[in-house]
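Take a look at the letters that make up each chain.
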2 protein chains.
Amino acid sequence: MKVGIVGLGLIGGSLGLDLRSRGLEVLGVSRRRSVCEIARDRGAVDEASVDLALLQKADVIFICTPLSAIAPTVQQLIPLVSSNTILTDVGSVKQSIAATCSKLSPNFVGGHPMAGTAEQGIEAAQANLFAGAPYVLTPTETTPATALKVVEDLVGLLDARLYICSPARHDRAVAFISHLPLFASAGLIQTCLRESDSEVLQLAQKLASSGFRDTSRIGGGNPELGVAIARHNRLELARSLRQYRQVLDTLIEEIEGENWDAIEQSLQENQGARPDFLN
Amino acid sequence: MKVGIVGLGLIGGSLGLDLRSRGLEVLGVSRRRSVCEIARDRGAVDEASVDLALLQKADVIFICTPLSAIAPTVQQLIPLVSSNTILTDVGSVKQSIAATCSKLSPNFVGGHPMAGTAEQGIEAAQANLFAGAPYVLTPTETTPATALKVVEDLVGLLDARLYICSPARHDRAVAFISHLPLFASAGLIQTCLRESDSEVLQLAQKLASSGFRDTSRIGGGNPELGVAIARHNRLELARSLRQYRQVLDTLIEEIEGENWDAIEQSLQENQGARPDFLN
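Because the structure is predicted, anything quoted here is derived from the model rather than measured. (Residues numbered from 1 in each chain as written. Chains lettered and ligands numbered in written order. Predicted model: local features only at pLDDT ≥ 70, side-chain atom pairs only at ≥ 80, totals over all residues. Heavy atoms only, no water.)

Trainee: How would you explain the packing of helix 10 (residues 234–256) of chain A against helix 6 (residues 167–193) of chain B if you had to name every residue and give the values?
Mentor: For the pair helix 10 of chain A and helix 6 of chain B, the least separation of the axes is 9 Å and the interaxial angle reads 120°. Of the possible angle classes, the one that applies to helix 10 of chain A and helix 6 of chain B is oblique. As for how helix 10 of chain A packs across helix 6 of chain B, the hand of that crossing is right-handed. Contacts between helix 10 of chain A and helix 6 of chain B involve Ser-240, Gln-243, Tyr-244, Val-247, Leu-248 and Leu-251 of chain A from the former and Phe-183, Ala-184, Gly-187, Leu-188, Gln-190 and Thr-191 of chain B from the latter. A class-by-class count of the residues in the contact of helix 10 of chain A with helix 6 of chain B yields seven nonpolar, five polar and no charged. (Axes fitted to C-alpha atoms, helices over the stretch in contact; angles between N-to-C directions. Helix = DSSP H or I, 4+ residues; strand = E, 2+ residues; numbered from the N terminus. Parallel < 35°, antiparallel > 145°, perpendicular 65-115°, else oblique. Left-handed = near helix turned anticlockwise from the far one by under 90°. Contact = heavy atoms within 4.5 Å. Nonpolar A, V, L, I, M, F, W, Y, C, P; charged D, E, K, R; others polar.)

The structure is reproduced here in C-alpha cells:
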C-alpha cells in the first residue's frame, strides 16, 4: 500500500516513521524543499516533493497540515487523485472539517491522533509517538465502511488506542477536556494581570507555586494554536464555557452564602471522579 | 532560645527538625501521644507533650494546627504564657486570623510558609522543607517591631524567601495564585460531570490527557482543605472568582463575536506574562 502524507511536521513525520517501519511505502509532501530533504534523511518518507502531484498513486493520504489548511488541501487533491483514494486528516476539531471535506471527497475519514510533544516540526518527529495514545476516527453517515476500515487498520499499526464517534461528540468531548481547560487556564492569567493593585500582582508573582504553574500552563502556551482551536470549535467551546460559567455562578453563590456543605460535597465528587479522567 | 510548636504535622515537624538542627531547643505539643513519640524519635522536638503547659517557658511559639484551630489555640495559650511570648502561626489565610489573634495576644505575628509535599503528618516531616520557598509574614499596625524581628530571624534560619506584607495583600495575592486556581480547577471537573450526554462524558474521560491532568489536579484534591480555604478567605476568594467570571464573559463574547484578534492578543499577553509567575 502507498500512503501519502501532506505536511511533514511532528505528526506527519512521526506517522511516516511508523508506517515505513511497518513496511508501507510513504510519499510525503511539504511546502518547503528543506523539510522534504530532512524527512527523507530521517527515514520518514520514501519520496518527498513540494508538489502534491507526487500523491497521484497514493491509496490513502493523511492530511497533516495546520487546521485551516485541511479543507483547501483536500480541494487541491481532488483533481489529482482517483475517486477511490481515501483521505484522512489529523485535525484537533472535526465537525467543520468533516462537513466540508465529506462534500469534497466521497472517501474522507476524519481523524484526530491525540499525541504530541512540546517540540514542533520534522526535527521533533519520532517513532512510536502514537503508541498508547488515543486516536479518534469520526465517520459521518456518508463515510463508506470500507474507507473507515482501511484507516482503522492503519491506526492499528500505530498501536494507538482507537475510538470511533461522530464529529459532534468528538468536538464536545475535546471541548470539555482540552479546549475549555485551555481557556479557563488563560482566564486565570488574565485575571491576575487585571489586578489594579500592583503590589498585590508583584506579590502574587513571587508566591505562585506548583498549583498556579499547573493550572496556567496550557493558558500560557502557543497563541496561534489557541486561536485556531477557538475558531474551529467555536460553538462547542462557547457552549462549554457557558456551562463552566454556570458552575462558577453556583460556586460563588455557595461561597457568599457560606454553604460549606454544598462546597464540600462537590469537592468530594471531584476527588472521586478525577481518576476516571487519568489514563 | 526555646521554641514551642503546637501541631506536629508536616509543617510543625519540619520546622522542629530545622530549628533543632540550628541549635535551638524545641518543645512540641500534639493532641496525640503517638505523634509526640514519633516527633521525639525523629528528632523534630527535644520534648513533647499533649499538654500546652509544656510551652510555658517558650520564647516563641509556632502554631501549626489546621486553620480553624489557630485562634482557639492562641486563646488557650494566653493564660499559660508570659505576655512577652511571641506567637506566630502558619495558616494559609491571614486577615481573619490576624484580626482575631492580634486582639488575643500583644505579640502575635501572622505567618505563611508556602511549602509542602503531597504527604501529610509527622511521618512526612523533612529537613529543609522551607529552603528556597516563600515565607510570608503579615504584621498589622499593632504588631511590635521587636516581635516581627524575632520571627524574621527564625525564618532566616530556615533559608526561606521572606516576604512581608499586610494580611489583606497576602490574602488577595494568594486568592489569585492559589485559591482561585483551586476553584477554577474544581469547576472544570464539575462542568464535565454535569454533561447530560453520557457517551460524551465517557469519551471525554478516555481522551483526557496532560492538559486536563494539570488543570484539574488541584480541583480534585483534598475537599477539607478546599472548604477551609473558602471559609477563611471567603471575601477575597469570592472577589477573585467574580473578576475571573468577568474575564470569562469577555472571552465568551469574543468567541461568539469571532473577534479572533482580541483573543490572540490576550493569549499573547498570557504567554509573555506567565514566566513572571514561575520562580
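Trainee: I'd like a rundown of the confidence of the model for chain A, residues and numbers included.
Mentor: The predicted structure's coordinates, where accompanied by low pLDDT, should not be read in detail. Of all residues in chain A, 100% have pLDDT values of 70 or greater, and the mean over the chain is 96. Here the predicted complex scores 0.87 on pTM and 0.90 on ipTM. (pLDDT = per-residue confidence, 0-100.)

Trainee: Requested: an account of the sheet that holds strand 1 (residues 2–6) of chain B, with residues and values cited.
Mentor: All names here are of chain B. Read from one edge to the other, the open sheet built from six strands follows the order 3-2-1-4-5-6, with strand pairing classed as parallel. Every interior strand has two partners, whereas the edge strands, strand 3 (47–49) and strand 6 (108–109), have only one. Across five bridges, strand 1 lies against strand 2 (residues 25–29) in parallel orientation. Directly across from Ile-5, in strand 2, lies its bridge partner Gly-28. Packing of helix 1 (residues 10–21) onto the sheet brings it into contact with strand 1, strand 2 and strand 4 (60–63), and relative to strand 1 it is tilted by some 165°. Across the sheet, helix 5 (residues 145–157) touches strand 4, strand 5 (86–89) and strand 6, and the angle it forms with strand 5 is around 55°. (Pairing = 2+ DSSP bridges.)

Trainee: Can you break down the interface of chain B and chain A residue by residue, with the values?
Mentor: Taken together, the contacts link 91 residues of chain B with 91 residues of chain A. Taking both sides of the interface into account, the surface hidden between chain B and chain A amounts to around 9,000 Å²; carbon and sulfur atoms contribute 67%. Of all residues in chain B, Leu-207, Arg-274 and Phe-277 of chain B give up the largest surface area on contact with chain A, accounting jointly for 8% of the area buried on that side. Put simply, chain B and chain A have 14 salt bridges between them. In this structure, the salt-bridge partner of Glu-256 of chain A is Arg-242 of chain B, at a minimum N-O distance of 2.8 Å. Taken together, chain B and chain A are joined by 34 residue pairs in polar contact (both at pLDDT 80 or more). Looking at the side of chain B that touches chain A, the elements with two or more residues in it are strand 8 (134–137), strand 9 (161–164), helix 6, helix 7 (198–207), helix 8 (210–216), helix 9 (223–232), helix 10 (234–256) and helix 11 (260–273) of chain B. (Buried area = accessible area lost by both parts, 1.4 Å probe. Salt bridge = Lys/Arg side-chain N within 4 Å of Asp/Glu carboxyl O. Polar contact = N/O pair within 3.5 Å; in protein donor to acceptor, adjacent residues only side chain to side chain.)

Trainee: So, the packing of aromatic side chains: which residues are in play, and what are the values?
Mentor: Using the criterion set out here, one finds four aromatic pairs over all chains in the structure. Aromatic side chains Phe-212 of chain A and Phe-277 of chain B sit 4.8 Å apart centroid to centroid with 35° between the ring planes, which places their arrangement in the tilted category. Placement of Phe-212 of chain A in helix 8 (residues 210–216) and of Phe-277 of chain B in the segment after helix 11 is noted, with the two residues assigned to different chains. Both residues of the pair, Phe-212 of chain A and Phe-277 of chain B, count as buried. (Phe/Tyr/Trp six-rings, centres within 6.5 Å; stacked < 30°, edge-to-face > 60°. Buried < 20%, exposed > 50% of the residue type's maximum accessible area, 1.4 Å probe, protein only.)

Trainee: Help me get a handle on the relation of the copies chain B and chain A, residues and values and all.
Mentor: Once chain B is rotated about the relating axis by 180° and shifted along it by 0.0 Å, it coincides with chain A to within an RMSD of 0.0 Å. Here the transformation between the copies is reduced to the relation of a two-fold axis. Across chain B, the rotation axis passes nearest the C-alpha of Thr-215 of chain B, at a separation of 2.2 Å. Taken as a fraction of all interface residues of chain B, those also at the interface in chain A reach 100%, which identifies the copy contact as same-surface. (Least-squares fit on C-alpha atoms with pLDDT ≥ 70 in both.)

Trainee: Give me the sheet that holds strand 1 (residues 2–6) of chain A: which residues, what numbers.
Mentor: Where strands meet in a sheet, backbone hydrogen bonds hold them as pairs that are either parallel or antiparallel. All names here are of chain A. The eight strands are arranged 3-2-1-4-5-6-7-8 in an open sheet whose pairing can be described as mixed. Strands with a single pairing partner mark the edges of an open sheet, and in this sheet they are strand 3 (47–49) and strand 8 (161–164). Between one strand and the next, the sheet's axes are offset by a mean angle of 20°, whatever the strand orientation. Strand contacts of helix 1 (residues 10–21): strand 1, strand 2 (25–29), strand 4 (60–63) and strand 6 (108–113), with the helix running at about 165° to strand 1, the strand carrying the most contacts.

Trainee: Provide a residue-level description of the pattern of salt bridges, including the pertinent values.
Mentor: Where charged atoms from two side chains of opposite charge come close, those side chains can pair. For the structure on display, the rule yields 30 salt bridges over all chains. A salt bridge links Glu-195 of chain A to Arg-239 of chain B, with the shortest nitrogen-to-oxygen separation between them at 3.3 Å. Here Glu-195 of chain A is found in the loop between helix 6 (167–193) and helix 7 (198–207), whereas its partner Arg-239 of chain B is found in helix 10 on a different chain. For Glu-195 of chain A, a relative accessible area of 6% puts it in the buried group. Overall, the relative accessible area of 23% leaves Arg-239 of chain B in the partly exposed class. Residues joined in a network through salt bridges with shared partners are Arg-172, Glu-236 and Arg-239 of chain A together with Glu-195 of chain B.

Trainee: Run through the packing of helix 10 of chain B against helix 11 of chain B, naming residues and quoting values.
Mentor: All names here are of chain B. One can describe the packing of helix 10 onto helix 11 by two numbers: an axis separation of 8 Å at closest approach and a directional angle of 140°. In this view, helix 10 runs oblique relative to helix 11, as classed from their interaxial angle. Residue-level inspection shows Leu-251, Glu-254 and Ile-255 of helix 10 in contact with helix 11, the latter providing Trp-260, Ala-262 and Ile-263. For the contact of helix 10 with helix 11, the residue count by class is five nonpolar, no polar and one charged.

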